[in-house]
Amino acid sequence: MSQSRFVFVVFCFTAVLIFAVYLRSANDRIFYELCAHYAEQSRLKQELGTKQLLLESLINPAAISQRVDESNTED
């Protein structure tokens, strides 16, 4: 009876350790994916900011009048 209890305890302990390793690897994978998404989001925000600045420079009244002046001098 004592030997079967020992085997059962060792089996349960081994199962708990395997489960802990599985949870740890899942946690690491989720953390990595979260960091990758944050990096992608940051890159997209920077790209959006760059495009927004370009758009604002295109619709800026001073830039429009400058382009009109340049096109008038070319004619």
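Our subject is the structure listed above.
How each quantity is defined
Residues numbered from 1 in each chain as written. Predicted model: local features only at pLDDT ≥ 70, side-chain atom pairs only at ≥ 80, totals over all residues. Heavy atoms only, no water. Patch = residues over 30% accessible without salt bridge, like charges linked within 9 Å, V, L, I, M, F, W, Y side chains within 5 Å. Areas by Shrake-Rupley, 256 points an atom, 1.4 Å probe, with all protein chains shown as cover. Salt bridge = Lys/Arg side-chain N within 4 Å of Asp/Glu carboxyl O. Helix = DSSP H or I, 4+ residues; strand = E, 2+ residues; numbered from the N terminus. Buried < 20%, exposed > 50% of the residue type's maximum accessible area, 1.4 Å probe, protein only.

Undergrad: It is not clear to me how a nonpolar patch on the surface should be interpreted in this structure. Could you clarify?
TA: A contiguous nonpolar surface patch, about 380 Å² in accessible area, is contributed by Leu-54, Leu-55, Leu-58 and Ile-59. Mapped onto the elements of the fold, Ile-59 is located in helix 1 (residues 2-59).

Undergrad: Honestly, the pattern of salt bridges in this entry has me stumped. Any pointers?
TA: Here the idea is simple: oppositely charged side chains can pair when their charged atoms come close. In this structure the tally under the stated criterion is four salt bridges. With a closest N to O distance of 2.7 Å, Arg-43 and Glu-40 form a salt bridge. Separated by three residues within a single helix, Arg-43 and Glu-40 lie in helix 1, roughly one turn from each other. On the basis of relative accessible area, Arg-43 is assigned to the partly exposed category, the value being 40%. You can call Glu-40 partly exposed: its relative accessible area is 37%.

Undergrad: Before we go on, may I ask you to explain the environment of Ala-20 in this structure?
TA: Locating Ala-20 in the fold gives a position in helix 1. Note on Ala-20: relative accessible area 40%, which makes it partly exposed. Between the C-alpha atom of Ala-20 and that of His-37, which follows or precedes it by 17 residues, the distance is 26 Å.

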